[in-house]
Amino acid sequence: MVERKTIYLCLAHMSEDGMEQKYVKEAFDTNWVVPMGPNVNAFEQDLADFANGNTDGSKLDRKVVCLSAGTAAVHLALLACGVGPGDEVLVQSFTFCASSHPITYLGAKPVFVGSEPTTWNMDPELLEKAIIDRKEKTGKYPKAIAPVALYGMPYDCEKIMAIADKYGIPVVEDAAEGMGSRFNGQVLGTFGKYGVLSFNGNKMITTSGGGALICRNAEDANEIMWYATQARDAYPYYQHTAIGYNYRMSNVCAGIGRGQMTVLDAHIAHHKHVQALYEELLKDVKGVHMHCQPADSRYDANFWLCAATIDPEVRIQGQENAYKEVIKSAVGGAAGVIHQVDSATTDCQPNENVEALRVFMLGKKVECRPLWKPMHKQPVYAEIDVYTNGVEEDLFKVGFCLPAGPYVTDDDVRYIVDCIREAIV
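Described below are features of the structure shown in this document.

**Observations concerning the sheet that holds strand S11 (residues 299–300)**
Where strands meet in a sheet, backbone hydrogen bonds hold them as pairs that are either parallel or antiparallel. Here 3 strands make up an open sheet; going across it, the order is S7-S6-S11 and the pairing antiparallel. Among the strands making up the open sheet, the edge pair consists of strand S7 (186–187) and S11. Pairing of strand S6 (residues 182–183) with S11, which is carried by 2 bridges, proceeds in the antiparallel orientation. Looking across to S11, one finds that Phe183 is bridged to Tyr299.

Set out below in C-alpha cells:
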C-alpha cells in the first residue's frame, strides 16, 4: 500500500518546462550571482506588465522594484511615506506580523484597525473613526494606512482609498498574500502609493524568498531602489546622506521568478478551482462554513489560502485533549527556532474544536492551520491602541485554513473533506 503524502497548505510549484532552471543557469553562466542583474531587470518588467493590465483592457503605468522579502518592501514603503520615530501608522490587525513589525523598525507606532465580516479585511468605518480619533488625541493624522489582502481576499479598495484621499494619508497596500487578486478589474497593489508583493516559498509564485514593491512612478521606484542598495550618493567613493539597506533581490532568485511568471495565471486559476470545489463539497457539512468572497462583481480573490469557520457547538474527535500539552516543535508552517513556553494556552486562542480539528487532520497528513492571530492580541503589542468591533477576534476563535496550493489535486480536496466529516462526532 502506497503511503499517503502530506498535503500542505500551499507549496510553490515549478513550471513544467523548467524555465526557472533556464534563467538560473544563465545567471551562473554569465557570473551574475549578485543582488542585481539581467534577471532582476526582466523580472521587474514582467511584474510591471502584469500589474499594469486591467481586465477592461486599459493600462496603468506602475513601476516595480524587486527586493529581498515582502517585509523589506513594507519597510521601505513606509520609509518612503515619511514614517519615522513618533509617527503612527494605521494597520489591519487581522494579519501576519510582517505587516506591523516594519512600523516599529522605523521607531513609529502601529495603531490597529479591526475587520469587517464579509472580506475579513480592514473595516472602512473603523478606519475613518481611527483617523479622526488619532487626530484628536495626538494633534496629527497618522502617516500611512496599511490594509491587507487577507488570504488573498481584496479589501474594499474604493472606500479605503476614498477615506485616505479625504484626509491626505498615503496607502501602503499589503498585497503579499494577494498577488493576482483584483478589485474592479485592477490588480491589488496598484491602488495606493505603494503595493507590497511577496514571493516566499508558500505564495502564489516564489523566488524561494523575496518580494517586490509596486510604485506609482519612476521617481518613487528610483528612491526605493536607492534605499534598497545602501543609499549611496553619486561619488566615486562611498558617501551616505541617509541610512540605506541591503534589500535588493539577487539575480539568481529573480531567475526563478521569471520562470514562475509563466505559471502565475495557471496558479491563480487552480486556487480558484480548489476554492469552488471546497464550497461545493462542504455545503452540506453542518457547522462548517467556507469563507467566500462577497457577492459583488468587483471582488476577484486569488484564494491564496482557502479559509473556513466551524461553529463552536460542533464536536471533534479528541476535543477533550485539546490544549492539554505544550507544543514542542514548530507548527503551521513555522520555520527556524521557536521559543518554548510554559503554558499550553493563552488568553486568546482558537476554540477547542478548532485545535482538535488541526490535530486530527495532522494525523491524516493534512496541514490545517489556524487563522492569523490578531496583532492587537499579540503580547508584543499589548499596549498598542486598537479600533475594533471584535470581528477578527471572533473569527480567530472559529476559523481555520485548508490546503489550496498547486500540488493539491481534486482527489486531495475530496480526501480533506472526507477527513473533516470523519472528524466530526
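Still more to cover.
**Structural notes on the nonpolar core**
In terms of nonpolar packing, the biggest core is built from 60 residues, with Phe43, Leu47, Leu127, Ile145, Tyr151 and Phe199 touching the most fellow members. Not counting the four nearest positions on each side in its chain, Tyr151 is found in contact with Glu177, Asn302, Phe303, Trp304, Leu305, Ala307, Pro370, Leu371, Trp372 and Cys401. Ala77, Cys215, Tyr227 and Ala228 belong to the second-largest nonpolar core, a separate cluster that totals 32 residues.

**Observations concerning the pattern of salt bridges**
Within the structure shown, the criterion is met by 24 salt bridges. Ionic pairing is found between Glu128 and Lys166, a salt bridge with its closest N-O pair at 2.8 Å. Of the two residues, Glu128 sits in helix H5 (residues 124–138) while Lys166 sits in helix H6 (residues 157–167), which places them 38 residues apart along the sequence. Linked by salt bridges that have partners in common, Glu88, Lys109, Arg134 and Asp385 make up one network.

**Quick word on the packing of helix H1 (residues 19–29) against helix H8 (residues 251–261)**
At a minimum axis distance of 7 Å, the contact between H1 and H8 shows a crossing angle of 155 degrees. As far as their axial angle goes, H8 and H1 are roughly antiparallel. Along this stretch, H1 crosses H8, giving a crossing that reads as right-handed. Contacts from Met19, Glu20, Tyr23, Val24, Glu26, Ala27 and Phe28 of H1 reach H8 at Asn251, Val252, Gly255, Ile256, Arg258, Gly259 and Gln260.

**Notes on the environment of Ile160**
Residue position: Ile160 is located in helix H6. Accessibility expressed as a relative area gives 1% for Ile160, which makes it buried. For the pair Ile160 and Met122, spaced 38 residues apart in sequence, the C-alpha to C-alpha distance is 8.4 Å. Excluding residues that lie within four positions of it along the chain, Ile160 makes contacts with Met122, Pro124, Leu127, Pro147 and Tyr155.

**Some thoughts on unusual backbone geometry**
Its identity is not glycine, yet Phe303 carries a phi of approximately 50 degrees, on the positive side. Structurally, Phe303 can be placed in the loop between S11 and strand S12 (306–310). Using a relative accessible area of 8% as the deciding quantity, one classes Phe303 as buried. With phi around 65 degrees, Lys365 is a residue other than glycine that occupies positive phi space. Along the polypeptide, Lys365 turns up in the loop between helix H10 (352–363) and strand S13 (369–370).

**Notes on the sheet that holds strand S2 (residues 88–92)**
Taken together, 4 strands build an open sheet; the order of strands is S4-S2-S3-S14 and the sheet is parallel. At either end of the open sheet lies a strand with only one pairing partner, and these are strand S4 (144–146) and strand S14 (386–387). The pairing of S2 with S4 spans 3 bridges and is classified as parallel. Note on S4: the bridge partner recorded for Val89 is Ala144.

**As for the packing of H5 against H6**
Taken N-terminus to C-terminus, the directions of H5 and H6 make an angle of 15 degrees; their axes are 9 Å apart at the nearest point. One element, H5, and the other, H6, form an angle in the roughly parallel class. Considering how the two elements wind past one another, H5 and H6 form a crossing that is right-handed. For the pair H5 and H6, contact is made by Pro124, Leu127, Glu128, Ile131 and Ile132 and by Lys159, Ile160, Ile163, Lys166 and Tyr167, respectively. Classifying every residue of the contact of H5 with H6 gives 7 nonpolar, no polar and 3 charged.

**With respect to the packing of aromatic side chains**
According to the stated counting rule, one finds 12 aromatic pairs in the structure shown. Where Tyr151 meets Trp372, the ring centres are 6.3 Å apart and the plane angle is 15 degrees; that geometry is what we call stacked. Residue Tyr151 is found in the loop between S4 and H6, and its partner Trp372 is found in the loop between S13 and S14; the two are separated by 221 residues along the sequence. Here the aromatic rings of Trp226 and Tyr227 are separated by 4.9 Å at their centres, their planes lie at 65 degrees, and the arrangement is edge-to-face. Overall, the relative accessible area of 15% leaves Tyr227 in the buried class. Through a chain of ring-to-ring contacts, the aromatic side chains of Phe96, Tyr151, Trp304 and Trp372 assemble into a single cluster. Looking at Lys135, its charged tip hangs above the ring of Tyr141, at a distance of 5.4 Å from the centre. A cation sits over an aromatic face here: Arg182 above Phe50, 5.7 Å from the ring centre.

**Describing a nonpolar patch on the surface**
A contiguous nonpolar surface patch, about 310 Å² in accessible area, is contributed by Tyr8, Leu11 and Tyr407. Along the chain, Tyr407 falls in the loop between strand S15 (399–402) and helix H12 (410–423).

**What about H8?**
When you tally the buried positions in H8, you get 10 out of 11 residues, the bulk of the element. Those residues of H8 that sit buried are Asn251, Val252, Ala254, Gly255, Ile256, Gly257, Arg258, Gly259, Gln260 and Met261. Buried residues belonging to H8 abut H1, helix H2 (38–52) and helix H9 (264–282).

Parameters at a glance
Residues numbered from 1 in each chain as written. Predicted model: local features only at pLDDT ≥ 70, side-chain atom pairs only at ≥ 80, totals over all residues. Heavy atoms only, no water. Pairing = 2+ DSSP bridges. Helix = DSSP H or I, 4+ residues; strand = E, 2+ residues; numbered from the N terminus. Core = buried A, V, L, I, M, F, W, Y, C linked by side-chain atoms within 4.5 Å. Buried < 20%, exposed > 50% of the residue type's maximum accessible area, 1.4 Å probe, protein only. Contact = heavy atoms within 4.5 Å. Salt bridge = Lys/Arg side-chain N within 4 Å of Asp/Glu carboxyl O. Axes fitted to C-alpha atoms, helices over the stretch in contact; angles between N-to-C directions. Parallel < 35°, antiparallel > 145°, perpendicular 65-115°, else oblique. Left-handed = near helix turned anticlockwise from the far one by under 90°. Nonpolar A, V, L, I, M, F, W, Y, C, P; charged D, E, K, R; others polar. Phe/Tyr/Trp six-rings, centres within 6.5 Å; stacked < 30°, edge-to-face > 60°. Lys NZ or Arg CZ within 6 Å of the ring centre and 35° of its normal. Patch = residues over 30% accessible without salt bridge, like charges linked within 9 Å, V, L, I, M, F, W, Y side chains within 5 Å. Areas by Shrake-Rupley, 256 points an atom, 1.4 Å probe, with all protein chains shown as cover.

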